[in-house]
Amino acid sequence: MKRLTVASVFLAAVVLAAACGSDGDSEVADTQEDVVHVHDLLVRDDDTMLAATHLGLHRVTDDGLELIGEGRHDLMAATLEGGTILASGHPDLRDDSLRVEDRSPLLGIVESTDGETWTERSLLGEADFHRLVFADETLFGANSSDDAVWVSQDGGATWEPRGGAAQLVAMAVNPADSTELIGVDLDRGLVRSNDGGDSWTEAPGPELADLEWTSDGLIGLDEQGAVHRFEGEAWMPVVELPDVVALGTRGDELFALQLPSTVHRSTDGGETWRKFP
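Residues numbered from 1 in each chain as written. Predicted model: local features only at pLDDT ≥ 70, side-chain atom pairs only at ≥ 80, totals over all residues. Heavy atoms only, no water.

*Asks:* Can you lay out unusual backbone geometry for me, pointing to particular residues and giving the numbers?
*Replies:* Note that the residue after L259, namely P260, is joined by a cis bond; omega there is 10°. As for its position among the elements, P260 is in the loop between β24 (253-258) and β25 (262-266). The amide bond that connects F276 to the next residue, P277, takes the cis arrangement and shows omega of -5°. Within the element layout of this structure, P277 appears in the segment after β26 (274-276). Phi at D47 is positive, roughly 75°, even though this residue is not glycine. Backbone geometry at D102 places phi at a positive 70°, although glycine is not the residue there. A residue is classified by how much of its surface remains accessible, and D102, at 78% relative accessible area, is exposed. (Helix = DSSP H or I, 4+ residues; strand = E, 2+ residues; numbered from the N terminus. Buried < 20%, exposed > 50% of the residue type's maximum accessible area, 1.4 Å probe, protein only.)

This is the structure we're talking about:
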């Protein structure tokens, strides 16, 4: 499955264009081995593109992916709450501010407005979400700590675990019906829930790596960079985008990050794609 394969591909031949110097300049990855895994693509209202990776939060620039700040937190999942970035995963072990004594190095939910300074929102040292999705004012999190979906009605401050067991490495929620979820399970492949994550059943379809769901359609990305669209009862491939490693949304817009730094956008539910901007 992609979040452990495509997202875990070591992208070859990498050198940093500039190392962090005493003047605080951020790093820019000429090629992408330094980034290693891209887990989520976030698109802000001002068109800023952010990539949550195994080695910190990066800004997508014309020259590649630029590390924001000096923290290299392993951001396994990220989403936007207005102008605030919410993320989960594992802390940079050099940063004691995001670690709790006698607890595992898990971020729970941390927040940042600038991508440089992170503070706890909840569950520090307790949870490791591998997907965060807002739908119908509810935040859904795929928690790898107990292989269950958790939900929050207050933006991740407090949480309620659901009962269904699923090792989800990707997840999407129907924006028109937040009881309907689809995910990529580590062992079973595509799985579906019709009760908000309380139970899961296997679903037919290709081996997908990433998922996004807008009011215009349900989209999946496979390990080869092919984008698939769910049409009625079946998945149909719609376009090949080699080296695409992550999908993202902004409202009903769909985005795809193609390394080293090209972004494609679809405004028709994934049927057609154009470079952005």
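Don't stop here, the text continues.
*Asks:* Would you mind going over the pairing of strand β9 (residues 109-112) in detail, with residue names and values included?
*Replies:* Two elements, strand β8 (residues 84-90) and β9, share three bridges in a ladder whose sense is antiparallel. Bridge pairing in β9 places I85 opposite S112. Inspection of the sheet shows β9 paired to strand β10 (residues 119-122) by three bridges, in the antiparallel sense. What sits directly across from E111, in β10, is T119. Taking the residues between adjacent antiparallel strands as the criterion, β9 and β10 are bridged by six residues, where G115 takes a positive phi near 80°. (Pairing = 2+ DSSP bridges.)

*Asks:* Lay out the sheet that holds β10 with the relevant residues and their values.
*Replies:* Strands sit in the order β7-β8-β9-β10 across an open sheet of four strands; the sheet is antiparallel. Edge positions in the sheet fall to β7 (74-81) and β10, since each of these pairs with one other strand and no more. Each neighbouring strand pair of the sheet contributes to a mean axis angle of 35°, computed without reference to strand direction. (Axes fitted to C-alpha atoms, helices over the stretch in contact; angles between N-to-C directions.)

*Asks:* Now, about the confidence of the model for the protein: what can you tell me, with residues and values included?
*Replies:* Predicted confidence across the protein gives a mean pLDDT of 88, with 87% of residues reaching 70 or more. Considering only residues more than four positions removed or in separate chains, one finds that residues 1-32, a stretch of pLDDT under 50, has 91 contacts. (pLDDT = per-residue confidence, 0-100. Contact = heavy atoms within 4.5 Å.)

*Asks:* How would you explain the sheet that holds strand β16 (residues 181-185) if you had to name every residue and give the values?
*Replies:* Backbone hydrogen bonds hold the strands of a sheet together, and the pairing may be parallel or antiparallel. Read from one edge to the other, the open sheet built from four strands follows the order β15-β16-β17-β18, with strand pairing classed as antiparallel. Edge positions in the sheet fall to β15 (168-173) and β18 (201-202), since each of these pairs with one other strand and no more. Relative to β18, strand β17 (residues 189-193) is paired through two bridges, and the arrangement is antiparallel. If you follow R192 over to β18, its bridge partner there is T201.

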